[in-house]
Amino acid sequence: MKLMSKILSLALMLALVIGLTFLTFFGNKEKRKEVISSVSIKNFYMLSESDYLKFAKLDPSSSMANLTLPIIKDRIEKHPYVLRSEVELTAGNKVNIIVYEKKINAIVQKGAETYFITNKYEALPIFANTNLMNVPLITFPKGAENIKALCKYNDDSMKEAFRIIDGIKNIDYDLYKGLEQINLRNGADIVLSFNCFNAPVIFGRGDDARKVVYLESLFKNYNNQQLDSINYIDLRYSKLIYVGKMNG
């Protein structure tokens with residue numbers, strides 16, 4: 001009985017030693033597997049990969065210890081330009097991030113400051129090294145003092161500016177690419193500026209769809225020489241387009 005007891009004790013001790021060795025070796029190995037070696041970003045445009053990684057403290061100079069996929073996703077989605085992201089772990093403990101940036105409709109000017117305005121009317125700061133979008137500049141918005149970064153600015157004049165932008169983009173993309181500025185004139189008649197012809201377009205307010213159609217028709221039916229000879233275009237009158245020289 002004593003011999004059997006000693007054998008059982010030795011067997012139990014041996015099992016404990018083997019178990020601890022297994023846990024120590026494979027546990028540490030598993031822990032090492034979870035340490036992220038690098039992070040990369042795909043599908044970016046507004047900022048470079050290095051700028052995004054630096055903002056999220058995921059660049060090579062930052063510590064990767066204790067990072068998890070949820071933490072990485074949370075950090076990158078805190079960037080004002082990022083709408084959402086997808087994060088995946090690949091071979092070698094490398095993390096790939098696919099970012100989906102917010103859609104920019106325009107740039108709005110508030111005094112000496114400028115902001116991006118998203119399709120959801122959110123004002124975003126314009127950071128250094130940002131790739132400026134080929135979108136119209138909106139100037140002299142009414143109540144510009146209310147524009148604040150990361151807040152919505154969707155008063156009636158901004159909504160009308162967006163209707164004009166969307167209408168021109170949908171009806172003639174070439175004309176849209178030439179749209180440089182929408183001057184909201186603090187609530188007065190809206191004036192548009194294009195780089196495809198020199199004439200200012202007095203757009204007025206309201207009846208946006210009709211005016212956009214008239215403007216596109218003029219753009220299509222006038223050649224470059226004719227467009228260059230125009231001093232102004234006035235769309236404020238129903239069923240009429242006034243084209244000509246300003247008084248004086």
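Relevant structure appears above.
Reference entry: report on the structure contained in this document. What you see is a predicted model; the values in this text were computed from it and never measured.

Further remarks concern the sheet that holds strand β9 (residues 190-194). Taken together, the nine strands give an open sheet; going across it, the order is β6-β5-β4-β7-β8-β9-β10-β11-β12, and neighbouring strands pair in mixed fashion. At either end of the open sheet lies a strand with only one pairing partner, and these are β6 (123-125) and β12 (242-244). Put simply, the sheet's adjacent strands are angled 25° from each other on average, direction ignored. Relative to strand β5 (residues 113-118), strand β4 (residues 104-110) is paired through six bridges, and the arrangement is antiparallel. Looking at the pairing, Val108 lines up with Tyr115 of β5. Each of β9, β10 (201-204), β11 (232-234) and β12 is contacted by helix α6 (residues 208-221), which is oriented at about 160° to β10, the strand it contacts most.

Examined against the element boundaries, Lys102 turns out to sit in the loop between β3 (94-101) and β4. Taking relative accessible area as the criterion, Lys102 reaches 16% and is therefore assigned buried. Reaching out from Lys102, the side chain makes a polar contact with the backbone oxygen of Pro80 at a distance of 2.9 Å. Dropping the residues within four chain positions of it, Lys102 is found in contact with Met46, Pro80, Tyr81, Val82, Leu83, Thr118, Glu122 and Leu124.

With 14 residues, α6 should cover 20 Å at 1.5 Å per step; its first-to-last C-alpha distance of 20 Å lies within 8% of that length. Listed as buried for α6 are Asp208, Arg210, Lys211, Val212, Leu215, Glu216, Leu218 and Phe219.

A positive phi angle, near 60°, is found at Asn93, a position not held by glycine. With respect to the element layout, Asn93 can be found in the loop between β2 (82-90) and β3. With a phi angle near 70°, Tyr121 is a residue other than glycine that sits in the positive phi range. Mapped onto the elements, Tyr121 comes out in the loop between β5 and β6. Judged by its relative accessible area of 18%, Tyr121 is buried.

What follows concerns the pairing of β5. Between β4 and the antiparallel strand that follows it, β5, lie two residues; Gly111 among them carries a positive phi value of about 60°. Pairing analysis gives three bridges linking β5 to β6, with the strands arranged antiparallel. Considered in β6, the bridge of Phe116 is made with Leu124. Linkage of β5 to β6, two consecutive antiparallel strands, is achieved through a turn of four residues, within which Tyr121 is found at a positive phi near 70°.

Within this structure, the stated rule accounts for five aromatic pairs. Taking the centre distance of 5.9 Å and the plane angle of 70° together, the rings of Tyr81 and Phe116 count as edge-to-face. Here Phe116 lies in strand β5 and Tyr81 lies in the loop between α3 (69-77) and β2, a separation of 35 residues in the sequence. The pair Tyr81 / Phe116 is uniform in exposure class, with both members buried.

Applying the stated criterion across every chain, the model contains 11 salt bridges. Residues Glu77 and Lys73 are paired through a salt bridge, measuring 2.8 Å at the closest nitrogen-oxygen approach. Of this pair, Glu77 and Lys73 both sit in helix α3, separated by four residues, roughly a single helical turn. A residue is classified by how much of its surface remains accessible, and Glu77, at 28% relative accessible area, is partly exposed. Given a relative accessible area of 32%, Lys73 falls into the partly exposed group. A salt bridge links Lys220 to Asp172, with the nearest nitrogen and oxygen atoms 3.5 Å apart. Taken together, the residues Lys220 in helix α6 and Asp172 in the loop between α4 (156-171) and α5 (173-178) connect sequence positions 48 residues apart. A relative accessible area of 54% means that Lys220 is categorised as exposed. In this structure, a network of salt bridges that share partners links the residues Asp189, Asp234 and Arg236.

Criteria and thresholds
- Residues numbered from 1 in each chain as written.
- Predicted model: local features only at pLDDT ≥ 70, side-chain atom pairs only at ≥ 80, totals over all residues.
- Heavy atoms only, no water.
- Pairing = 2+ DSSP bridges.
- Helix = DSSP H or I, 4+ residues; strand = E, 2+ residues; numbered from the N terminus.
- Axes fitted to C-alpha atoms, helices over the stretch in contact; angles between N-to-C directions.
- Contact = heavy atoms within 4.5 Å.
- Buried < 20%, exposed > 50% of the residue type's maximum accessible area, 1.4 Å probe, protein only.
- Polar contact = N/O pair within 3.5 Å; in protein donor to acceptor, adjacent residues only side chain to side chain.
- Expected span 1.5 Å × (residues − 1).
- Phe/Tyr/Trp six-rings, centres within 6.5 Å; stacked < 30°, edge-to-face > 60°.
- Salt bridge = Lys/Arg side-chain N within 4 Å of Asp/Glu carboxyl O.

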